[in-house]
Every structure is written in structure tokens, then in C-alpha cells.
Amino acid sequence: MKAAPRLRGGLAIRLPCLFAGLVVIGVAIVIQLQIGLGLPPWDVLHQGISLHTPLALGTASIVVGLAVLIVAWALGQPPGFATFANAIVIGGSVDVLLRVDAFAGLAEAGIVVRVGLLLVAIAVFGIGSALYIGAGLGAGPRDSLMLVGSHRLEVRIAIVRFSMEAIVVAIGFALGGSVGIGTLAFALLIGPSVEGSFWLLARIGLADLPDLEDAGPVL
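Residues numbered from 1 in each chain as written. Predicted model: local features only at pLDDT ≥ 70, side-chain atom pairs only at ≥ 80, totals over all residues. Heavy atoms only, no water.

(A) Region of the structure containing the overall build of the protein chain. When helices and strands are tallied, the protein chain shows 9 helices and 2 strands. In sequence order, the secondary structure elements of the protein chain are arranged as β-α-α-α-α-α-α-α-α-α-β. In the protein chain, buried positions account for 47% of the 219 residues. In the protein chain, once contacts between residues fewer than 6 apart in sequence are set aside, the share between residues at least 24 apart is 81%. Positive and negative side-chain charges of the protein chain, numbering 11 and 12 respectively, have mean locations separated by a distance of 2 Å. (Helix = DSSP H or I, 4+ residues; strand = E, 2+ residues; numbered from the N terminus. Buried < 20%, exposed > 50% of the residue type's maximum accessible area, 1.4 Å probe, protein only. Contact = heavy atoms within 4.5 Å. Lys, Arg positive; Asp, Glu negative; His and termini not counted. Charge placed at Lys NZ, Arg CZ, Asp CG, Glu CD.)

(B) Spatial organisation of helix α6 (residues 111–134). The end-to-end C-alpha separation of α6 is 34 Å, in line with the 34 Å expected for 24 residues at 1.5 Å each. Once α6 ends, the next one or two residues include G136, with phi positive near 65 degrees. (Expected span 1.5 Å × (residues − 1).)

(C) Structural detail: the nonpolar core. One finds L18, L22, I31, I35, F125 and Y132 to be the most contacted residues of the largest nonpolar core, which totals 41 residues. Counting residues per element, the ones that place at least two in this core are α1 (11–35), α4 (81–97), α6 and α9 (181–203). With 10 residues, α6 is the largest single contributor of residues to this core. Sequence-distant contacts of Y132, that is, excluding residues within four places in its chain, are made with C17, L18, G21, L22, I25, A82, N86, G138, A139, G140 and D143. Counting residues in each nonpolar core, the second largest holds 12 residues, with V64, V148, V160 and V168 among its members. (Core = buried A, V, L, I, M, F, W, Y, C linked by side-chain atoms within 4.5 Å.)

(D) Seen up close, the packing of aromatic side chains. All chains considered together, the criterion is met by 2 aromatic pairs. Their ring planes at 75 degrees and their centres at 6.0 Å tell us that F19 and F81 sit as a pair that is edge-to-face. Taken together, the positions of F19 in helix α1 and F81 in helix α4 put the pair 62 residues apart, joining distant regions of the chain. On the accessibility criterion, F81 (47% relative accessible area) is partly exposed. Geometrically, the ring pair formed by F125 and F186 is edge-to-face, given 5.0 Å between the ring centres and 80 degrees between the ring planes. With F125 in helix α6 and F186 in helix α9, this residue pair connects regions lying 61 residues apart in the sequence. The exposure classification of F125 matches that of F186, with both residues buried. (Phe/Tyr/Trp six-rings, centres within 6.5 Å; stacked < 30°, edge-to-face > 60°.)

(E) How the structure looks around the pattern of salt bridges. Inspection of every chain in the model, using the stated rule, returns 3 salt bridges. In this structure, R8 and D208 form a salt bridge, with 2.7 Å as the shortest nitrogen-oxygen distance. Residue R8 is found in the loop between β1 (6–7) and α1, and its partner D208 is found in strand β2 (residues 207–208); the two are separated by 200 residues along the sequence. D143 is the salt-bridge partner of R161, the closest N and O atoms lying 3.0 Å from each other. Taken together, the positions of R161 in helix α8 (residues 157–174) and D143 in helix α7 (residues 141–153) put the pair 18 residues apart, joining distant regions of the chain. The network of salt bridges with common partners includes D143, R161 and E165. (Salt bridge = Lys/Arg side-chain N within 4 Å of Asp/Glu carboxyl O.)

(F) Examining the packing of α1 against α4 more closely. One can describe the packing of α1 onto α4 by two numbers: an axis separation of 8 Å at closest approach and a directional angle of 40 degrees. In terms of orientation, α1 and α4 fall into the oblique class. Viewed along their axes, α1 and α4 form a crossing whose handedness is right-handed. Residues L15, L18, F19, L22, V23, I25, G26, V27, I29 and V30 of α1 touch α4, and the partners they reach there are F81, A82, A85, N86, V89, I90, S93, V94 and L97. (Axes fitted to C-alpha atoms, helices over the stretch in contact; angles between N-to-C directions. Parallel < 35°, antiparallel > 145°, perpendicular 65-115°, else oblique. Left-handed = near helix turned anticlockwise from the far one by under 90°.)

(G) Broad picture of a nonpolar patch on the surface. Taken together, the side chains of I111, V112, V115, L119, I181, L184, L188 and L189 define a hydrophobic patch exposed on the protein surface, amounting to about 760 Å² of accessible area. Looking at the nonpolar patch, the elements with two or more residues in it are α6 and α9. Take L189: it is sitting in helix α9. (Patch = residues over 30% accessible without salt bridge, like charges linked within 9 Å, V, L, I, M, F, W, Y side chains within 5 Å. Areas by Shrake-Rupley, 256 points an atom, 1.4 Å probe, with all protein chains shown as cover.)

(H) Quick peek at unusual backbone geometry. Positive phi, close to 60 degrees, is recorded for E154, a residue that is not glycine. Summarising the element assignment, E154 is placed in the loop between α7 and α8.

Such coordinate-based values are descriptive only and should not be taken to indicate function.
Here it is in C-alpha cells:
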């Protein structure tokens, strides 16, 4: 699948789906943090920053997101509504959910359960991403930087994405962020998870598939 489906309905439907998707992504991040098997690449950086500043993990995510938004804007990628929403809602959700005792208890589970929860977290992240992207209200800060970087450097989006995430993992790890099998699993499986979620939205009738030959790449 080369393009994201667009959710059916007007703004009154797509806007709640956008926010629901961003909160769901926050849930996935908190699960992956609590099971202790390594965070998604950008969250390795956010955690590393939080270890050396007064910022909580989610707040660090907001600060980094807004900084990336400004850089992408300066390079020629103007933000949309979802760009700001992505930067703020995911980080805010993470900080709130980290106070929920049920998530804290995940760290005490056995390794088999934690690996299963890792796969659940990646699947949940994919569903949240499909809802947020399918709302069609703009790309998040990191996706915006990826797009403008690809355009400016005249290289493939996949190369820019990999390079960005390799850099943030390296910096985050140097700052003490959690890198592990979960980081690698996320990098390998998040693409299929998002694509599978796109397919699911279309399958259950919540979204329309575009003409895949004419559509652009998934953000």
C-alpha cells in the first residue's frame, strides 16, 4: 500500500479521529516505556533529555516536537493544524498516562508477556497513526521535517527517515535513553503496522482508499 486512506465524513468526524489517534499513540509509547525493552527512536531522545533536565518525558516530546516544527517551517514546510496537535497531544497524553498505576504494573510482568506487550504497543501505535494520518489534517513535526529534508536534499524519503532516526537514537542513547530490542522491533515493524491499520480502516468501511497509482507516499 503506497498511500493512506482518507477517513470518511466531514471535519466533525475527522477531527475527533485525529485527537483519538494521537492519544492512542501516547498509550503505545507508555506501554513500550513501562515494559523496559527499549523505546521508539524519537522517544529514546525524549527520555534522554528528560534525564538531564526538569522536563518529564511527555513534556520533552512536546519541546522537541515544537523545535522540529520550527526547523521544518524555516526550511519551507509550513505547519498545519495536525502539526501543532501532534506536537502537543502525544506528549501531554504520555505525561498523563504515566501517572496511571495500571501501566506502571507492566514492568513486573515476565519476559514473554512483555514481548507480547511490545507487539501490542507497535500494533496500537499503527492504529493511532492511521487515524491521525487518515484524518487528512496535516503531517506531524517529524514527518514535516522528513518531507522538507527529502525535497531539499533531493534524496528518497526512506533515506531521510532512517538518517533522522539513527541520529536521534544515537543522541538519545548517549544521554541515557532506553535502547533495546523494542527499539529495533519498532523500527522494523512500525511500517507494516501502519499499513495494516490503513487496510483495516478501509476494510471496515471507515475510510476510502485512494487511487494507489496516483497517490503519493504514506507520511
